[in-house]
Amino acid sequence: MKKLTTADLTAEEKLRLICSDGFWHTPDLGGKLPRVSVSDGPTGLRKENRKDNGEVETVRAVAYPAIQSLANTWSRDCARSMGEALAGDCIENDVDILLAPGVNIKRNVLNGRNFEYFSEDPYLAGTLAREYIEGLQSCGIGACLKHYYANNLEYNRLEQSSEVDERTLREIYLKPFQIACEAKPVSAMCAYNRINGVYASENKKGFRILREEFGFDGAIYSDWEAVRDRTAAAKAGLDIEFPFNQKNYEKLVADYHAGLISDEELDACAGRVLDLVYRCEEMGKQRKKAVSREKRHEVAQRIAEESIVLLKNDGVLPLAKGTSVAVSGEYAAPGRCGLVAGGGSSMVQWSGAFFDLPALLRERLDSEVKYEPAFWTKGIASTWQKPHKAFLEAAESDVAVVCAGTGSDIEYEGGDRENMRLPAVQENLILEIAHRNPNTVVVLFAGSALDVSAWEDSVAAIVWAGFCGEGGGEALADILTGKVNPSGKLSETFPVCLESTPSYGTFNDACVSRYEEGLDVGYRYYDTYHVEVAYPFGHGLSYSEFVYSDLKLFCGEGGVTVRFNVENISKQDGKEISQVYIRPMQSFVYRPEKELKGYAKTLVSAGGSVGVEIALAADAFAYYSTATDGWRTDDGIYEILIGASSRDIRLTAKVKVENGKASLLS
Ligand code: BGC
């Protein structure tokens, strides 16, 4: 097929081209163009097949861990592998573009879609998304960076306006998009909400920043039904409306004939759709046969292994062979609940049953492992199911494991959580079991921070399983029994309670969400104002113990590189996530106490020591100046903090920055 340009198309064809075909395709203009097929991600492929009789069938696909879990791996390698594996699902199902990843910041713990997003920190979110996109696109499948931008709650999401100052937008909410754009995603999706009063679909300034400042060279489409006025959206630079909307299309055609949209404006959008179509055609040629489903399951399992976070452990874990265990909680075994995941457009139609944790533990421990669900969850509430049996079993076993959590009725797209606690019955179950067995381990299946204050002190260990996907059962059983050493760390702070979160007072305003906390999102707030947290950003325990030493800084043209040693003083190999934060020692604008600028996950063998090297980006010390409308680095002294979490700083050193260049303090 000859490659067409806008000069080969009539105005009618161009108008049609920028309005999509049905739900999931770009128009082929009567066979003149290849059709591009798009489908949902980000935690697995969710492809709808619409039959002629109107029925919708969703294809069965591999269920990977949720993005919250992926981010808890702090592993670029895991993010890339997930992108590559997902490409396999897309290739198998003739999908050209996966509608993923979403890089919106977790401004508030209640956002119903937090499980789909990476982090409260823009650097962590952006760098992992960049790898995910590179993995996906290196296998010939396009990515779609979403939801652009300042889309941080679900409540009234179609109308509410995120009211955010420029500096906060640049440093927090736009930054992950900026970093992810380095991977050259073929497309981006605008959000539903308004930003400072203007719909994301009509936000010319936002689109200009994306294209001109972040170097985005793909096509921008709307979120599904996010377009109110197709003409205004096209004039702002929104290339494709999804899905096809007859009324919007007719109005666009009428507006064109009335001269309300110029040929130049129409050509700009249509030209970018043509570029997308041909880019996908080229990428299609790179696609190889998809890796087997078994291999993709292995990827799902490996990511789950690296994502599980050991929040607390008084020594009860790992479980030794021969330990008798009483497992309770419906999330532990096949039953009514299916695979625990968040709800909405990211929900994968998984073909398997939910895993059977008691059986997996039995195999590994070679001991008696009993199971009693004790509760069922329906909607947002859980109801008791013969809890006394579970209490008796807990009393007579060496260890009790309670599997608690949320699921798609509590965490889902289209609504936010009402609070951050477990359903009351689950909290009570934990307390009742802990009362009968001091060796109680709580395993949490959820997609965003939970308030653990009601029962945390009563239990011996807490394990964050997350929405761990189809490989999560094996991964969890291996971690509980010590075959795998836990190595995940939190990509979001677990606050003590909802009331202590920085956006508590302004989250659910009906029409306007004022981002009054500004830059103070997540640990930037808790650490600057010394607010108590349950588990800090970057926290996660291991069965190994790591000792940090010998920090050295190297300052060169490219910026600062830090080197230090991590020693594993235990008898088990383990992986340690080290974090690099910067802290300006004085400043003429407000700066949070610390900002993450680098991280590394390192395998250190038992008794061994590894030199870790992390290069900070050239702009590591910069902030966005509204006085000069650009990024600016003030001269001064900056402290470099090497931490095992944001609250567990192990090594520090200082550099002097002058005219944007760092040097060692003499
Ligand atoms: C969601 C998007 C999704 C789209 C298509 C929207 O409701 O916000 O994330 O890609 O639907 O399913």
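Residues numbered from 1 in each chain as written. Predicted model: local features only at pLDDT ≥ 70, side-chain atom pairs only at ≥ 80, totals over all residues. Heavy atoms only, no water.

### As for the site of the ligand
Every one of the 14 residues lining the ligand counts as a neighbour, but Asp-40, Arg-113, His-147, Asp-223 and Glu-413 are closest to it. Side-chain polar atom of Arg-46 to an oxygen atom of the ligand: 3.3 Å apart, as the coordinates give it. In this structure, an oxygen atom belonging to the ligand sits 2.7 Å away from a side-chain N or O atom of His-147. With the chains in place, 94% of the 310 Å² that the ligand exposes on its own is no longer accessible. Its residues assigned to classes, the shell around the ligand comprises 5 nonpolar, 2 polar and 7 charged. (Near = heavy atom within 4 Å. Polar contact = N/O pair within 3.5 Å; in protein donor to acceptor, adjacent residues only side chain to side chain. Areas by Shrake-Rupley, 256 points an atom, 1.4 Å probe, with all protein chains shown as cover. Nonpolar A, V, L, I, M, F, W, Y, C, P; charged D, E, K, R; others polar.)

### Notes on the pattern of salt bridges
For the structure on display, the rule yields 62 salt bridges. Residue Lys-106 pairs with Glu-492 through a salt bridge whose shortest N-O separation is 2.9 Å. With a gap of 386 residues between them, Lys-106 in the loop between strand E4 (97–99) and helix H4 (122–138) and Glu-492 in the loop between helix H15 (472–480) and strand E19 (494–495) connect regions that are remote in the sequence. Ionic pairing is found between Arg-647 and Asp-527, a salt bridge with its closest N-O pair at 2.6 Å. With Arg-647 in the loop between strand E29 (636–645) and strand E30 (648–658) and Asp-527 in helix H16 (residues 523–528), this residue pair connects regions lying 120 residues apart in the sequence. In this structure, a network of salt bridges that share partners links the residues Glu-166, Arg-170, Lys-205, Arg-208, Glu-212 and Glu-213. (Salt bridge = Lys/Arg side-chain N within 4 Å of Asp/Glu carboxyl O. Helix = DSSP H or I, 4+ residues; strand = E, 2+ residues; numbered from the N terminus.)

### A few points about H15
Counted residue by residue, H15 has 8 buried out of 9 residues, so it is predominantly covered. Restricting attention to buried positions, one finds in H15 the residues Gly-472, Gly-473, Ala-475, Leu-476, Ala-477, Asp-478, Ile-479 and Leu-480. Here the buried face of H15 lies against helix H11 (293–307), helix H12 (357–365), strand E17 (440–445) and strand E18 (461–464). Looking one or two residues past H15, Gly-482 carries a phi angle of roughly 85°, positive in sign. (Buried < 20%, exposed > 50% of the residue type's maximum accessible area, 1.4 Å probe, protein only. Contact = heavy atoms within 4.5 Å.)

### Some thoughts on the state of the cysteines
Scanning the model with the defined rule gives 0 disulfides in all. Of all cysteine sulfurs in the structure, the one in Cys-139 sits closest to Cys-90, which takes part in no disulfide; the separation is 10.0 Å. Of all cysteine sulfurs in the structure, the one in Cys-144 sits closest to Cys-280, which takes part in no disulfide; the separation is 11 Å. (Disulfide = S-S within 2.5 Å.)

### Details of the sheet that holds strand E7 (residues 187–190)
Strands sit in the order E1-E4-E5-E7-E10 across an open sheet of 5 strands; the sheet is parallel. Looking at strand neighbours, the two that pair on one side only are strand E1 (38–40) and strand E10 (219–221), the edges of this open sheet. The average angle at which neighbouring strand axes cross in this sheet is 30°, direction not considered. As defined by bridge partners, E4 adjoins strand E5 (residues 142–148) across 2 bridges and the pair is classed as parallel. What sits directly across from Ile-97, in E5, is Gly-142. (Pairing = 2+ DSSP bridges. Axes fitted to C-alpha atoms, helices over the stretch in contact; angles between N-to-C directions.)

### Points about unusual backbone geometry
Look at the link from Ala-100 to Pro-101: it is a cis peptide, with omega at 5°. With an omega dihedral of -10°, the bond running from Lys-146 to His-147 counts as a cis peptide bond. Relative to the assigned elements, His-147 resides in strand E5. Positive phi, close to 60°, is recorded for Ser-20, a residue that is not glycine. On the basis of relative accessible area, Ser-20 is assigned to the buried category, the value being 0%. The backbone phi angle of His-530 is positive, close to 55°, even though this residue is not glycine. Relative to the assigned elements, His-530 resides in the loop between H16 and strand E21 (533–535). Here His-530 falls in the exposed class, since its relative accessible area comes to 66%.

### Some points on the side chain of Asp-451
Position of Asp-451 among the secondary structure elements: in the loop between E17 and E18. Not counting residues within four places of it along the chain, the set of residues in contact with Asp-451 comprises Met-420, Arg-421, Glu-427, Val-496 and Cys-497.

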